[in-house]
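Listed below are the residues making up each chain.
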Amino acid sequence: MKLAILSDFHLGYERFEDDAFSQAMKAMTLATAEADALLLPGDLFDSKTPRPESVAQALEIFRIPFGKKWGARVSSFSARDGRQNYCPLPVVAIPGTHEARHKSLVNPVQVLEKSGFLVNAQSACVSIECGSEKLAVCGMGGVPESHARAAVEALSPQPVAGAFNVFMFHQSLQELLPVKDDHLSVDDLPRGFDLYVCGHMHRRVAERFGEKMLVIPGSTVITQLRRDDGEGKGFYIFGTGSGKLEFREIGSRPFFFEEVELNEAGASEAVEAVRSAVSRAIGSSPGSPVIRVKVSGTVKKGLMPSSIQFQPVIREFSGRAFVAIDKSLNSAGLEEKVAELRALREKGASVRELGLDLLRAKLAEKNLSREVDVGHLFEILSSTKKDAPEKAVDALLGRA
């Protein structure tokens, strides 16, 4: 049986909303054409309460499997809460952390489930038959990281005898994070499954940890503008009989991560260095690329780093590329940083400029500044939305 593993569409993602939709459409079209069953480990939407426009996009995407005559079918469905399955098609999904709502409320994946577009494997086991083959998928939707280990223990999923067994979940894993924390570990995953499918983390991973084969397809859209976003987006095809795993690229906008190191530069020199980096990236890319420029180093004595404005560069290339510029031109010591911020305040610098400088300094202290899009993180932290803290953590860890 061929399984297509595709995840993290993030429909409605404000930064690249059109890309999120078109790339999810392409992934679903190609996966449906090739696979016997589809596995979607969460974050189909970017919000737990998506706009009607995003819901309409999802309905268009999930109509694609209805156009195929499937050889596989859902043969049984068992959920802890006793709910019924509304979908006969072998399209199995779980809600991610972006879709998680209180259990008394309906989340977006449940809306698609009740509409008959997919099988919701949240706290459930789904059996699919294709000829003489049997597939069993046990699912655990996204939960807060601090609750993940307890959630796995409470669910305690068991493999089904005589089937190819998949445990599908949506969490971070300690082994794949740059900063070790009290996150779920591969060792915490239930034993005895043939394949472990994970969403949430946006770079693709296919790796064996002892007896456990882990597959993470990554997101289908660029999100955090990290260096590994340039590896290409798509989905995996896995053969249950052969064990063969292949990645299918869907084609996404080119992504460039450029680094500019300054040495006692003046304001105009700094701006010109960034302009040159953006020009080089555009010159080597067809279409409209996404370019993140990381600016670091030192500026001339007496020049405030926050006084250097790169917005004219962003405006200059608008329409030809999406450009994000992150400058980390910090003073040598904390006392100098405080003095700089005080001077900026006295000169009437905006609260945003002061906040960005403080945030950069804090990230630098934790060795997190290199890969984090500080401007985007600041926007998330400045938001009044209830899910801002969770999105900020996702941004720090490169998951969204």
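No experiment lies behind these values; they were computed from the predicted model shown. (Residues numbered from 1 in each chain as written. Predicted model: local features only at pLDDT ≥ 70, side-chain atom pairs only at ≥ 80, totals over all residues. Heavy atoms only, no water.)

A. Geometry of the sheet that holds strand β14 (residues 255-265). With parallel pairing, three strands are arranged side by side in an open sheet as β14-β15-β16. Of all strands in the sheet, those with a lone pairing partner are β14 and β16 (322-328), marking the two edges. The mean angle between the axes of side-by-side strands here comes to 20°, regardless of whether they run parallel or antiparallel. Bridge count between strand β15 (residues 290-299) and β16: seven bridges; the pairing is parallel. Within β16, the position partnered with V290 by the bridge is F322. (Pairing = 2+ DSSP bridges. Helix = DSSP H or I, 4+ residues; strand = E, 2+ residues; numbered from the N terminus. Axes fitted to C-alpha atoms, helices over the stretch in contact; angles between N-to-C directions.)

B. Broad picture of the pattern of salt bridges. In the structure shown here, the tally under the stated rule is 18 salt bridges. Taking the shortest distance from any N to any O, the salt bridge between R227 and E259 comes out at 3.5 Å. On the criterion of sequence distance, the pair formed by R227 in the loop between β11 (212-216) and β12 (234-239) and E259 in strand β14 is long-range, its members being 32 residues apart. Connected through salt bridges with shared partners, the residues K2, E34, K244, E246 and R248 form a single ionic network. (Salt bridge = Lys/Arg side-chain N within 4 Å of Asp/Glu carboxyl O.)

C. Structural view of helix α4 (residues 148-155). Along α4, the residues classified as buried are A148, A151, V152 and L155. For α4, the buried positions fall inside an angular range of 100° around the axis, keeping them on one side. Seen from the buried face of α4, the exposed residues on the opposite side, beyond 90 degrees, are E153 and A154. The elements touched by buried residues of α4 are β7 (133-140) and β8 (164-170). Within two residues after α4, S156 carries a phi angle of roughly 45°, on the positive side. (Buried < 20%, exposed > 50% of the residue type's maximum accessible area, 1.4 Å probe, protein only. Arc of directions from axis to C-beta. Contact = heavy atoms within 4.5 Å.)

D. Spotlight on unusual backbone geometry. For D8, which is not a glycine, the phi torsion comes out positive at approximately 50°. Looking at the element boundaries, D8 is found in the loop between β1 (2-5) and α1 (17-34). We note that S156 has phi near 45°; this positive angle belongs to a residue other than glycine. Mapped onto the secondary structure, S156 falls in the loop between α4 and β8.

E. Just the confidence of the model for the protein chain, in detail. For the protein chain, mean pLDDT is 89; residues scoring 70 or higher make up 90% of the total. Across residues 330-335, where pLDDT falls below 50, the model places seven contacts with residues more than four positions away in sequence or in other chains. (pLDDT = per-residue confidence, 0-100.)

F. Spatial organisation of helix α2 (residues 52-62). All buried positions along α2 are accounted for by S54, Q57, A58, I61 and F62. Buried residues in α2, looked at end-on, bunch into an arc of 125°, giving them a common side. In this fold, the buried residues of α2 make contact with α1, β2 (37-40), β4 (91-93) and α3 (108-114).

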